[in-house]
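# Structure assessment
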Amino acid sequence: MKSIVILITRPAIGNGLYKEAVDTIVSMAIFNLSVKVGFVQDGVFQLLNGFTNSSAGVDTNESNRDRRNIQKRQSTTFEELKEYGVEELFVDQQSAALRNIEVSQFPQIITWADTKDFKKRLSEADHILTF
Amino acid sequence: MVFSLVVYGAPHCSQAPLTAFRFASSVLSQGHSLYRVFFFHAGASNGLGTISDDDEAGKVIRDWQSLAEQHSLDLVICIGSAQRAGVKEQTGDSVGLQQGTLAKGFQLAGLGQLADAAIKSDRLVSFGIAS
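The rules behind these values
- Residues numbered from 1 in each chain as written.
- Chains lettered and ligands numbered in written order.
- Predicted model: local features only at pLDDT ≥ 70, side-chain atom pairs only at ≥ 80, totals over all residues.
- Heavy atoms only, no water.
- Salt bridge = Lys/Arg side-chain N within 4 Å of Asp/Glu carboxyl O.
- Helix = DSSP H or I, 4+ residues; strand = E, 2+ residues; numbered from the N terminus.
- Buried < 20%, exposed > 50% of the residue type's maximum accessible area, 1.4 Å probe, protein only.
- Phe/Tyr/Trp six-rings, centres within 6.5 Å; stacked < 30°, edge-to-face > 60°.
- Pairing = 2+ DSSP bridges.
- Axes fitted to C-alpha atoms, helices over the stretch in contact; angles between N-to-C directions.
- Patch = residues over 30% accessible without salt bridge, like charges linked within 9 Å, V, L, I, M, F, W, Y side chains within 5 Å.
- Areas by Shrake-Rupley, 256 points an atom, 1.4 Å probe, with all protein chains shown as cover.

## Focus: the pattern of salt bridges
Under the counting rule described, the total for this entry stands at 11 salt bridges over all chains. Where Arg99 of chain A meets Asp42 of chain A, a salt bridge forms, and the shortest distance between an N and an O atom there is 2.7 Å. Of this pair, Arg99 of chain A sits in the loop between helix H4 (93-98) and strand S4 (111-113) while Asp42 of chain A sits in the loop between strand S2 (34-39) and helix H2 (62-71); the two residues are 57 residues apart in sequence, bridging distant segments of the chain. Judged by relative accessible area, Arg99 of chain A falls into the partly exposed class, the value being 25%. Taking the shortest distance from any N to any O, the salt bridge between Glu88 of chain A and Arg121 of chain A comes out at 2.8 Å. Highlighted residues: Glu88 of chain A in strand S3 (residues 88-92) and Arg121 of chain A in helix H5 (residues 115-124), separated in sequence by 33 residues. By relative accessible area, Arg121 of chain A is classed as buried at 15%. Each of Arg36, Asp74, Asp116 and Lys120 of chain B takes part in salt bridges that share partners, so that together they form one network.

Shown next as structure tokens:
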């Protein structure tokens, strides 16, 4: 079985990559690839507990905000990816520390990876895709 | 060695498609095989057949078409990204014909084709960090 690491490097706001990344992760998992998802640089913001589109002040329209809150509750979405066969969600410890984010602000399901662990996961993968 | 490429960049605002094209040409000239080229996210614009030949972006698209014709390449545009980029196939019925914008030599397909490329290829190389 081929293995792939999907790297999330951008925040969920300001670009359309969040949906593309989730769709790709699900597709890869469905096709029986061994999938791990890594969060690095500003991508760590996507995993913050309670982060929604409205908390970023993106949309002030009430009905749109309610609808998008469901779509953009990132940490919950990523947690649910395990149901699709995603093996691991891991966060670059250094990226989080640089942004003053602590372990308690992430869902419990994630793995905390220091630089050495992070590199190990990348070197073990057959393919890497970056979003 | 079997390669597949993922192109994230649009031809009118990114160097990625041209770099990917040059990489693909080198891969083929050195006797390797190219299983698939997958145009994703903004890269879906590479499948726009309506871009003028006089434009640099149009030239890159023609280069891809020419290479695909010579080597029977599989040039796939992500169908979800294509919708956002205005790339669509020609559709018709007894009532009328809807003009398509998909360039000749390209085809629209889902993310399953990307997963398949990851499984069948030794190397999956991406061009143009998604933005």
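## Notes on the packing of aromatic side chains
Per the counting criterion, the structure on display carries 13 aromatic pairs over all chains. Here the aromatic rings of Phe90 of chain A and Phe118 of chain A are separated by 5.1 Å at their centres, their planes lie at 65 degrees, and the arrangement is edge-to-face. Taken as a pair, Phe90 of chain A in strand S3 and Phe118 of chain A in helix H5 lie far apart in primary sequence, 28 residues in all. Arranged with centres 5.8 Å apart and planes meeting at 75 degrees, the rings of Phe3 of chain B and Phe23 of chain B form a pair that is edge-to-face.

## Focus on the sheet that holds strand S5 (residues 127-130) of chain A
All names here are of chain A. The strand order across the open sheet built from five strands is S4-S3-S2-S1-S5, with neighbouring strands paired in parallel fashion. The outermost strands of the open sheet, each flanked by one partner alone, are S4 and S5. Across the sheet, the mean angle from the axis of one strand to that of its neighbour is 25 degrees, orientation sign disregarded. As paired strands, strand S1 (residues 3-8) and S2 are joined by six bridges and run parallel to one another. Paired with Ser3 across the strands is Ser34, a residue of S2.

## A closer look at a nonpolar patch on the surface
Among the surface-exposed residues, Ile30, Phe31 and Tyr84 of chain A together with Ile119 of chain B lie close enough to one another that they form a single nonpolar patch of about 380 Å² accessible area. By the element assignment, Ile119 of chain B lies in helix H4 (residues 112-120).

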